[in-house]
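# Topology and contacts: notes
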Amino acid sequence: MECIVHFDVHHKDGIKPLRGLIFLQEDRKIPTERDLLQMFEDMGYKLKMDDRDKMIFVPTESGRDYDWIRVRELDTGEKTYKEDSELRSVLSNLLPQDFRPI
């Protein structure tokens with residue numbers, strides 16, 4: 001099975017959307033962190049995971065022309081993981097900040 005990884009490279013002068021391809025073993029539905037890091041390394045990006053929840057990677061070497069990379073979507077052809085930023089914003093505004101019993 002294959003997974004198309006949609007990601008954004010955040011440069012100082014703007015964002016560049018790119019895609020990568022990962023071939024998954026049959027027993028896995030989505031790529032692991034190691035799979036993503038290997039894909040990025042094959043593309044010439046030497047990275048480490050910075051934020052697992054937001055899927056943000058930062059360069060391990062200084063002097064790169066990009067600040068960070070964010071995975072936007074993992075497309076396996078079946079179920080697609082895609083963060084819905086509008087839904088997250090609505091929920092964060094509707095949910096109370098301090099959770100107290102009523």
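Residues numbered from 1 in each chain as written. Predicted model: local features only at pLDDT ≥ 70, side-chain atom pairs only at ≥ 80, totals over all residues. Heavy atoms only, no water.

## Some words on the nonpolar core
The tendency in soluble globular proteins is for nonpolar side chains to be buried side by side. For clarity, the threshold we go by: What we call a nonpolar core is a set of buried Ala, Val, Leu, Ile, Met, Phe, Trp, Tyr and Cys residues that are connected through their side-chain atoms within 4.5 Å. Burial here depends on accessible area, computed with a 1.4 Å probe over protein chains only, as a share of the maximum for the residue type. Under 20% is buried, over 50% is exposed, and the range in between is partly exposed. Per the convention used, a helix needs a DSSP run of H or I reaching at least four residues, while a strand needs a run of E reaching at least two, with both numbered from the N terminus. By definition, residues are in contact when any of their heavy atoms lie within 4.5 Å.
Ranked by size, the top nonpolar core spans 18 residues in total, and within it V5, F7, L36, F40, F57, I69 and V71 carry the most contacts. Those elements giving two or more residues to this core turn out to be β1 (2-11), α1 (33-42), β3 (47-51) and β5 (66-75). Setting aside residues up to four positions removed in sequence, F57 forms contacts with L36, L37, F40, L47, K48, M49, D50, W68, I69 and V71.

## Some thoughts on a nonpolar patch on the surface
What counts here: The patches described consist of residues with a relative accessible area above 30% and no salt bridge, like charges being joined within 9 Å and nonpolar side chains (Val, Leu, Ile, Met, Phe, Trp, Tyr) within 5 Å. Under the convention used here, a 1.4 Å probe and the Shrake-Rupley method define accessible areas, while residue burial counts only the protein chains that appear. Here a salt bridge means any side-chain nitrogen of Lys or Arg lying within 4 Å of a carboxyl oxygen belonging to Asp or Glu.
Judged by side-chain polarity, I4, L21 and F23 come together as a nonpolar surface patch covering roughly 290 Å² of accessible area. Along the polypeptide, L21 turns up in strand β2 (residues 14-23). On the basis of relative accessible area, L21 is assigned to the partly exposed category, the value being 41%.

## Some remarks on the pattern of salt bridges
For side chains bearing opposite charge, pairing can occur when the charged atoms are close. For the coordinates displayed, the defined rule picks out 5 salt bridges. Across the pair D67 and K12 runs a salt bridge, and its minimum N-O distance is 3.0 Å. Separated by 55 residues along the polypeptide, D67 in strand β5 and K12 in the loop between β1 and β2 bring together distant segments of the chain. K12 gets classed as exposed once you look at its relative accessible area, which sits at 65%. Among the ionic pairs, E61 bridges to R64, the shortest N-O distance being 2.3 Å.

## Concerning the side chain of H6
Looking at the secondary structure, you find H6 in strand β1. Filtering out sequence-adjacent residues up to four positions away, H6 remains in contact with L18, R19, R70, V71, R72, E73 and D75.

## Brief notes about the packing of aromatic side chains
Given two aromatic rings, one states the distance between the centres and the angle between the planes to describe the pair. As a reminder of what qualifies: When the centres of two rings from Phe, Tyr and Trp lie within 6.5 Å, Trp using its six-membered ring, the rings pair. Their planes under 30 degrees apart give stacked, over 60 give edge-to-face, and anything left gives tilted.
Overall, the coordinates contain 4 aromatic pairs when judged by the stated rule. Judged by centre distance (5.0 Å) and plane angle (90 degrees), the ring pair of F7 and F40 falls under edge-to-face. One end of the pair, F7, is in strand β1; the other, F40, is in helix α1, and 33 residues separate them in sequence. On the basis of relative accessible area, F7 is assigned to the buried category, the value being 0%.

## Some remarks on α1
We apply this condition: This arc describes the spread of directions from the helix axis toward the C-beta atoms.
Three or more residues of α1 are buried, namely D35, L36, M39 and F40. One side of α1 holds all its buried residues, which, seen down the axis, span an arc of 130 degrees. Exposed residues pointing more than 90 degrees away from the buried face of α1 are listed as R34 and D42. Where α1 terminates, the next one or two residues include G44, which has phi positive at roughly 95 degrees.

## What to know about the pairing of β5
Just so we agree on the cut-off: Strands qualify as paired when DSSP identifies two bridges or more between them.
Where β1 lies against β5, 8 bridges are found, and the strand directions are antiparallel. In the strand pairing of β5, F7 is matched with V71. With 2 bridges connecting them, strand β4 (residues 56-59) and β5 associate as antiparallel partners. Residue pairing in the sheet places I56 in a bridge with R70 of β5. Counted along the chain from β4 to the antiparallel partner β5, the turn is 6 residues long, and its residue G63 has a positive phi close to 85 degrees.

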